[in-house]
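What follows is each chain in one-letter form.
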Amino acid sequence: MVYGAIEAGGTKFVCAVGDEKGHIIESIQLPTKTPDETMPSVIDFFKRYELKALGIGSFGPVDVNKESLTYGNITSTPKPGWRDFPFARTMEQALKIPIGFNTDVNAAALGELTHGAAKGLGSCLYITVGTGIGGGAVVRNNMLQGLSHPEMGHILVRRLPSDSYIGKCPYHGDCLEGLAAGPAIEERWGKKGADLAGQPEVWELEAYYLAQALMQYILILSPEKIILGGGVMKQSQVFPLIREKLNELNNGYIALPELADFIVPPGLGDQAGITGALMLALAAE
Ligand code: ADP
Ligand code: ZN
């Protein structure tokens, strides 16, 4: 039996077919244009298979409340054409199979908990630091959900007094995402993150903000592992800096595991999201 999975990002869609063990049999990537342009190719890809269920991990914000009339929709995105797009319903009507639906980062957290860096544990967080900052949380195979899904990228952090950068979040200015996501790095330093690898002050500041965020997530959610993915985290020199600053912030208060095992890159690499979407399909069946 095979299952379908979609990792829907702001720049690209990954569509995959795989089995219950998380093995990917075939996958394709498509650019995220408008729904009218992108969705027919997505549907054609899956129609070639006899799927048991489909899992979708989507960029957000999305409506994940099963009781809601707009469940399965992308909601307030500024991305042209995608606002209020009924994502889950479109796929359900096209394929006539059960659909699992959640955020891209909740899916990635689920993927990492079942098959990745947090395998065997009861809970983990998956944080992406890319075009935006987002976080997903899984506790015993349940994705954290309440009024909506968590929005961990928009928490407030204490500013470094010498940092005068105004911040890039359209809603909050200098929230975490506004200070530390890829576009903020680029605007503050005048170059793309990938071209700033040799400038230690960039990554010291990045770690200063990310460590504060992790400290707050740890205090509130007490995860057993924190996985940091996304384009910015390809700068692997940031990991030890974050661990060092987190250690200072914690100041011995919470008994944390060895930080090198606790704050880690994705065990599934770039496949965390799509593997998690496959697990969402299994859960929807
Ligand atoms: P998205 O968030 O759109 O899914 P990514 O996770 O790749 O995609 O994030 C893109 C952001 O990450 C961009 O702002 C980009 O400049 C930054 N980025 C990508 N690769 C690197 C890298 N190697 N080092 C630092 N920043 C990077
Ligand atoms: Zn914000």
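This write-up is about the structure you can find in this document. (Residues numbered from 1 in each chain as written. Chains lettered and ligands numbered in written order. Predicted model: local features only at pLDDT ≥ 70, side-chain atom pairs only at ≥ 80, totals over all residues. Heavy atoms only, no water.)

## Brief notes about the side chain of Q235
Working step 1: Position of Q235 among the secondary structure elements: in the loop between β9 (226–229) and α7 (238–250).
Working step 2: A residue is classified by how much of its surface remains accessible, and Q235, at 11% relative accessible area, is buried.
Working step 3: Apart from the residues within four sequence positions on either side, Q235 is in contact with G193, A194, A197 and W203. (Helix = DSSP H or I, 4+ residues; strand = E, 2+ residues; numbered from the N terminus. Buried < 20%, exposed > 50% of the residue type's maximum accessible area, 1.4 Å probe, protein only. Contact = heavy atoms within 4.5 Å.)

## Section: the environment of I24
Working step 1: Of note, I24 is situated in strand β3 (residues 24–31).
Working step 2: A residue is classified by how much of its surface remains accessible, and I24, at 28% relative accessible area, is partly exposed.
Working step 3: It is 39 Å that separates the C-alpha atoms of I24 and G190, two residues lying 166 residues apart in sequence.
Working step 4: For I24, the contacting residues outside a window of four places in its chain are A16, V17, G18, Q271, I274 and L278.

## What about the coordination of the zinc ion (ligand 2)?
Working step 1: Looking at the zinc ion (ligand 2), the protein donor atoms are H154 (ND1), C169 (SG), H172 (ND1) and C175 (SG), and they sit 2.1 to 2.3 Å from it.
Working step 2: Around the zinc ion (ligand 2) sit four donor atoms, and with donor-metal-donor angles ranging over 103 to 120° the site reads as tetrahedral.
Working step 3: Within one chain, the residues donating to the zinc ion (ligand 2) are spaced in sequence as H-x14-C-x2-H-x2-C.
Working step 4: We classify H172 as partly exposed; its relative accessible area is 40%.
Working step 5: For C175, a relative accessible area of 0% gives the class buried. (Donors = N, O, S within 2.8 Å, 3.2 Å for Na, K, Ca; no water. Tetrahedral: all angles 85-135°; square planar, octahedral: opposite > 155°, others 65-115°.)

## Quick notes on the packing of aromatic side chains
Working step 1: The tally for this structure, following the rule as stated, stands at ten aromatic pairs.
Working step 2: Plain terms: the ring middles of F45 and F46 are 5.0 Å apart, the flat faces sit at 70° to each other, and that makes the pair edge-to-face.
Working step 3: With relative accessibility at 1%, the residue F46 sits in the buried group.
Working step 4: Linked through ring pairs, F13, F59, Y71, W82, F85, F87 and F101 together constitute an aromatic cluster. (Phe/Tyr/Trp six-rings, centres within 6.5 Å; stacked < 30°, edge-to-face > 60°.)

## Structural notes on the sheet that holds strand β2 (residues 12–18)
Strand pairs in the sheet, formed through backbone hydrogen bonds, run parallel or antiparallel to each other.
Working step 1: In space, the five strands of this open sheet follow the order β3-β2-β1-β4-β5, with mixed pairing throughout. Sheet topology places β3 and β5 (99–103) at the edges, where each strand pairs with a single neighbour. The average undirected angle you get between the axes of adjacent strands in this sheet is 15°.
Working step 2: As paired strands, strand β1 (residues 2–8) and β2 are joined by six bridges and run antiparallel to one another. Counterpart to G4 in the pairing with β2 is V17.
Working step 3: Here helix α1 (residues 35–47) sits on the sheet and contacts β1, β2, β3 and β4 (51–58); the angle it forms with β2, its principal contact strand, is near 10°.
Working step 4: Helix α9 (residues 272–284) contacts β1, β2, β3, β4 and β5 of the sheet and is inclined by roughly 130° relative to β1. (Pairing = 2+ DSSP bridges. Axes fitted to C-alpha atoms, helices over the stretch in contact; angles between N-to-C directions.)

## A closer look at the sheet that holds strand β8 (residues 142–143)
Working step 1: Across the sheet, five strands lie side by side as β8-β7-β6-β9-β10; this open sheet has mixed pairing. Pairing within the sheet leaves two strands with one partner each, and these edge strands are β8 and β10 (263–264).
Working step 2: Strand direction decides the pairing type here: strand β6 (residues 123–129) and β9, joined by four bridges, are parallel. Looking at β9, one finds that T128 is bridged to G229.

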